[in-house]
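Coordinates in review
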Amino acid sequence: MQLRYWNLIGRNSGLMFFVYAMILVGGFYYKKWLDTLPANFPGVLATSIVLALVCAHAPIRTFFQRADLVFLLPAEAELGDYFRKSKRYSFWMQSVGLLVLWIICAPLYFQSTGLGTGMFFAGFAALLAVKAWNINCSWREQFIEDTLPLRFLRTTLSFCFIYFVLSRQTLIVIGACAVIMVLVAVFLFRRQAADALLRWSRILENDERQAMQFLRFANLFTDVPRLKRRTRARRLLSSLFPVRRFEEKTVFAQIFIKTFIRSDEYLGMYMRLTVIGALLAYFLNIGYFSVFIVVSVVYLTGLQLLPIWNHPFPQALAGLYPLAEQLKRDPFVQLATRLLIGQSVVLSLAAGFGTRSFTAFLIFICAGSAVGLFFSKSYIKRRIQRAA
Amino acid sequence: MNPVLSVKQLSGGYSRQRPVLHDVSFDMNAGELVGLVGLNGAGKSTTIKHILGLLEPYSGEIRISGRTIREDKIGYRKSMAYVPEMPELYEQLTLEEHLQLTAMAYHLDQKTYKERSEQLLKLFNMEKKKHWFPTHFSKGMRQKVMIMCAFLVRPELYIVDEPFVGLDPIGIQSLLDLMTDMKKSGSSILMSTHILTTAEQYCDRFIILHEGRIAVQGTLEKIRRQFGNSKASLHEIYLAVARGETQWME
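Please read all numbers here as calculations on a predicted model, not as lab measurements.

A few points about the overall build of chain A
- Check the secondary structure of chain A and you find 16 helices and zero strands.
- Each of the 388 residues in chain A was classed as buried or not, and the buried ones make up 46%.
- In chain A, of all internal contacts separated by at least 6 residues, the share reaching a separation of at least 24 is 80%.
- Accessible surface computed for chain A: about 20600 Å², of which carbon and sulfur atoms make up 67%.

Here we look at the sheet that holds strand S1 (residues 5-12) of chain B
All names here are of chain B.
- If you walk across this open sheet you meet the three strands as S2-S1-S4, and the pairing is antiparallel. Lying at the two open borders of the sheet, with one neighbouring strand each, are strand S2 (21-28) and strand S4 (59-64). For this sheet, the mean inter-axis angle between neighbouring strands, taken without regard to orientation, is 15°.
- Relative to S4, S1 runs antiparallel, the two sharing five bridges. Residue pairing for S4: Ser-11 is matched across the bridge by Ser-59.
- Across the sheet, helix H1 (residues 44-52) is in contact with S1, S2 and S4; its angle to S2 comes to roughly 65°.

What about the UniProt feature "transmembrane region" (unreviewed entry) in chain A?
- Per the UniProt record, the feature "transmembrane region" (unreviewed entry) sits at residues 12-30, 42-60, 91-110, 116-136, 148-166, 172-189, 290-310 and 357-376 of chain A.
- What you have in residues 290-310 of chain A is 95% helix and 0% strand, and the ends, taken at the C-alpha atoms, are 32 Å apart.

Considering the sheet that holds strand S5 (residues 80-83) of chain B
All names here are of chain B.
- Spatial ordering of the open sheet is given by S5-S6-S7-S3-S8-S9, a layout of six strands whose pairing is mixed. Looking at the sheet topology across the chains shown, the edges are occupied by S5 and strand S9 (213-218). Across the sheet, the mean angle separating the axes of adjacent strands is 15° when strand polarity is ignored.
- Sheet analysis places strand S3 (residues 33-38) next to strand S8 (residues 205-210), joined by five bridges and oriented parallel. Across the sheet, residue Leu-36 finds its bridge partner in S8, namely Ile-207.
- The strands that helix H8 (residues 220-227) touches are S8 and S9; relative to S9, the one it contacts most, it runs at about 115°.

Thoughts on the interface of chain B and chain A
- Of the residues lining the interface, 32 residues belong to chain B; the matching set on chain A comes to 29 residues.
- Between chain B and chain A, roughly 2700 Å² of surface is buried when both sides are summed, and carbon and sulfur atoms account for 67% of that area.
- Ranking the residues of chain B by area buried against chain A places Tyr-90, Gln-92 and Met-104 of chain B at the top, with a combined share of 27%.
- Taken together, the links from chain B to chain A amount to two salt bridges.

Description of unusual backbone geometry
- With a phi close to 55°, Arg-168 of chain A is a non-glycine residue in the positive phi region.
- Counting through the fold element by element, Arg-168 of chain A comes out in the loop between helix H7 (148-166) and helix H8 (171-194).

Structural notes on the packing of aromatic side chains
- Inspection of every chain in the model, using the stated rule, returns 29 aromatic pairs over all chains.
- Centroid distance Phe-252 of chain A to Tyr-321 of chain A: 6.3 Å. Interplanar angle 70°. Geometry classified as edge-to-face. Separated by 69 residues along the polypeptide, Phe-252 of chain A in helix H11 (residues 249-262) and Tyr-321 of chain A in the loop between helix H14 (307-310) and helix H15 (326-355) bring together distant segments of the chain.
- On the basis of relative accessible area, Tyr-321 of chain A is assigned to the buried category, the value being 4%.
- On the basis of an interplanar angle of 20° and a centroid distance of 4.4 Å, the ring pair of Phe-151 of chain B and Tyr-158 of chain B is categorised as stacked.
- For Phe-151 of chain B, a relative accessible area of 1% translates into the label buried.

Things to note about helix H5 (residues 80-113) of chain A
- The axis of H5 of chain A is deflected most strongly, by about 40°, at Cys-105 of chain A, and proline Pro-107 of chain A appears within four residues downstream.
- Of the residues one or two after H5 of chain A, Gly-114 of chain A is the one with positive phi, at around 70°.

Describing the pairing of S8 of chain B
All names here are of chain B.
- With respect to burial, S8 is a largely interior element, six of its six residues being buried.
- Both faces of S8 are covered, namely the face carrying Arg-205, Ile-207 and Leu-209 and the face carrying Phe-206, Ile-208 and His-210.
- Pairing geometry for S8 and S9, over five bridges, is antiparallel. Across the sheet, the residue bridging to Ile-208 is Val-216, located in S9.
- Counting the residues that bridge the hairpin from S8 to S9 gives two residues, and of these Glu-211 lies at a positive phi of roughly 50°.

Cut-offs used in this document
- Each chain carries its own residue numbering, running from 1 in the written order of its sequence.
- Each chain gets a letter, beginning with A, and each ligand a number, beginning with 1, in the order they are written.
- It should be noted that, the model being predicted, local features are given only for residues of pLDDT at least 70 and side-chain atom pairs only at 80 or more, the latter also being counted only at that level, while totals for whole chains, interfaces and linings use all residues.
- Side-chain numbers come from the whole structure's heavy atoms, not from hydrogens or water.
- Numbering of helices and strands runs from the N terminus, with a helix taken as a DSSP run of H or I at least four residues long and a strand as a DSSP run of E at least two residues long.
- Throughout this description, buried means an accessible area under 20% of the type-specific maximum (1.4 Å probe, protein chains only), exposed means over 50%, and partly exposed covers the range between.
- Any pair of residues with heavy atoms lying within 4.5 Å of one another is described as a contacting pair.
- For the accessible areas, the method is Shrake-Rupley and the probe is 1.4 Å, while residue cover comes only from the protein chains on display.
- Pairs of strands are assigned from DSSP output, requiring at least two bridges between the strands.
- An axis is simply a line fitted to the C-alpha atoms; with a helix, the fit covers only the stretch in contact. Between two such axes, the angle follows the N-to-C directions and lies from 0 to 180 degrees.
- UniProt positions are given in the numbering used here, feature names are shortened, and annotations may be inferred rather than shown by experiment.
- Here the quantity called buried area is the total loss of accessible area, with a 1.4 Å probe, experienced by two parts when brought into contact, counted for both.
- Every case where a carboxyl oxygen of Asp or Glu lies within 4 Å of a side-chain nitrogen of Lys or Arg is listed as a salt bridge.
- Any two rings among Phe, Tyr and Trp, with Trp reduced to its six-membered ring, count as a pair given centres within 6.5 Å; such a pair is stacked if its planes are under 30 degrees apart, edge-to-face if over 60, and tilted if neither.
- Bend is the name given here to the angle between axes fitted to two runs of seven residues, the run ending at a residue and the run starting at it.

Below, the structure is given as C-alpha cells:
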C-alpha cells in the first residue's frame, strides 16, 4: 500500500528533485550557520532537547482496524506476542528516524564539544536505550487513563539521561539516572498498568492517526481514497466568503473555498508554507537567488492545492448537480490562481525587504506570479482535465 | 404523453461478468408514488444508481420525461432529486450552506429558496441548527438534511432510498406528508423501503425485485389478485417471493 504511493510520489512530481536540492542547499547553509555561531552557544543543550523530544514521542503502531475492536477484543489475552512484535516494529522504525536526526545534529554537537567520532556511536547507543525505554513505557500508558503527567515525566527523564551522556557527566550521575528510569518503569508505569484494562479505542485512534500521517502526505501527490478528514468551523474567516450571488456559477466556487478554509489542513498548509517561505526569504538574504525560494514555495503550494479537486464531495449532492463540468473546473483554477499569486506577493515582499532592493522585489513578484499562473492555468488545468 | 420515468429492459451492475440486474422494465407516471421492494441484495440500490446515471447500463435504456442522460445530461439531472440510503454530507459545510448550494445548483431564485427552506427547516424542526456542521448531527438529522435538499428542488421525479431509518416519528410523518403534497402537485416518487406497512398505506404501486429481476409489479389489488388472496398483506406476499414460492406469478 505505502509502496504504491511512494512509487507514485517518486515518479509523478518534482518532489524528489526538490528534496535533493534542499539537502544540497540546506547542507551548505547549515555549514555556514555553524561557522557564524558564537563559541558559547549551548549546542549540547539544544541537541539534547531536540533528541529527547523525538525519543519521548513513542507511539506504538499496532495496525489495528476498526473491526478488530469487535473481532479481536475477545482474544486480547492471547495477543501478548503480537503486541511484543508491535513494540519491536515501532522501536526499529522510530530508531531510523532517530539516527537521521542524530546525523543532522552531530555537526552542531561536535562543533560545540570538539569530541571525536567515538562519541557518535556511544551517543547513538544511549539514544537507542532511551527510545527502547520510552516505547516500553508508552505501551504501559495504553492501559492508563491520565497519561499527561507520565508523558511529562518520560520526556524529562529522557532529556536528563541524554544530556548527561552527551555532556559526558561521570558514570555515577548517568548510572543514577538510569536506575531512576528503571525504577519509574517498574514501579510507576508497570504497577499502574498492571490492574488496568487495555484502552482499545485509544490504541485504534493512535494507529489511525499514524496511518493518516503518511496518507495525508501521499495525498499531496495523488488521491488517497481512504483518508479520513477533519473539519474546523473557522467562522470568522468563512464569514468573509458568504454566498454573494445566488448563481450556478458560484456553486463550486463556494464549495472549493469553504473546503480550502475549513477542511483538513489546506489552509494550515498554505499559511505554514507562506510563513516559512517568507522567513527563509527574509533571513537567508541571498540576494537575487531568493527568486528560487519564491518560485519553489509557490510550486510546492500549488502541489498541495491540487488535492482539493479530488476532495471527496458527497455524490448524492455534488455528483448529481445539474451543472456543466466547466462550472466546476473554472472556479477551481481561479481559486488556485488567486491563492498562488497572493502567496507570491507576500513572499516577494519578504524577500524584497531582505535584499532592500525594489528591483529585486519586482523580479521576485514577476517570477512568482509567472510560476503561479503557469501552475494553475496550465498544469492544474491539464491535470484535472485528464482526471475528468 | 411521455412517462416521467421509463426503464426499458435494463441489465446492469458493477461488473459485466456478473450483472446484478436482468431485464428490468417499468414506467412511472406523473403523480405516482411507487414502492421499490426487495431483500438486501435484490438490486434496489443498483436500480437506483442506474436511474441516477451513476452506473452505465449494459443493455436497455432509461428515460426521464423522454430523454436519456446521454442526450441531455444537465436536463436529465435537473429533473430529479435523490435521497440516498446513507446520508452523505459535506463535512466542511453548514446545514444552511447545503441548502443554498443545492438551490443554486438547481437554479432556484433567492426568493423561492427562502420560502421553501424556511418551510422545510420548520417542518423538520431544524431551524436552530442552520449553522451547525454535519459532524454534530445524528444519523436522523443527517437524513433530514438530505431530505430537505431534495424537497427544496421540487423536481419531476424524486428517488428516495430507504428514507425512514433513523428518523424520529415526527420526521417520518413530515416526510410522508411532504411526499403526499408533492404527489398532488404532480411529482413522481420512487421509494425503496423495507418498512412495508408504511409502504402499503402510501404507495400507489409496487415493484418487487428478487435476485435482480422484477418478480411482480402493479397495484396492491392487482398483486393480491395474482397471489390469489385478496386479504394478503404486502408483507405476506413479499415473504412468499423472498422464499421462492413463485408458482403463482406465471
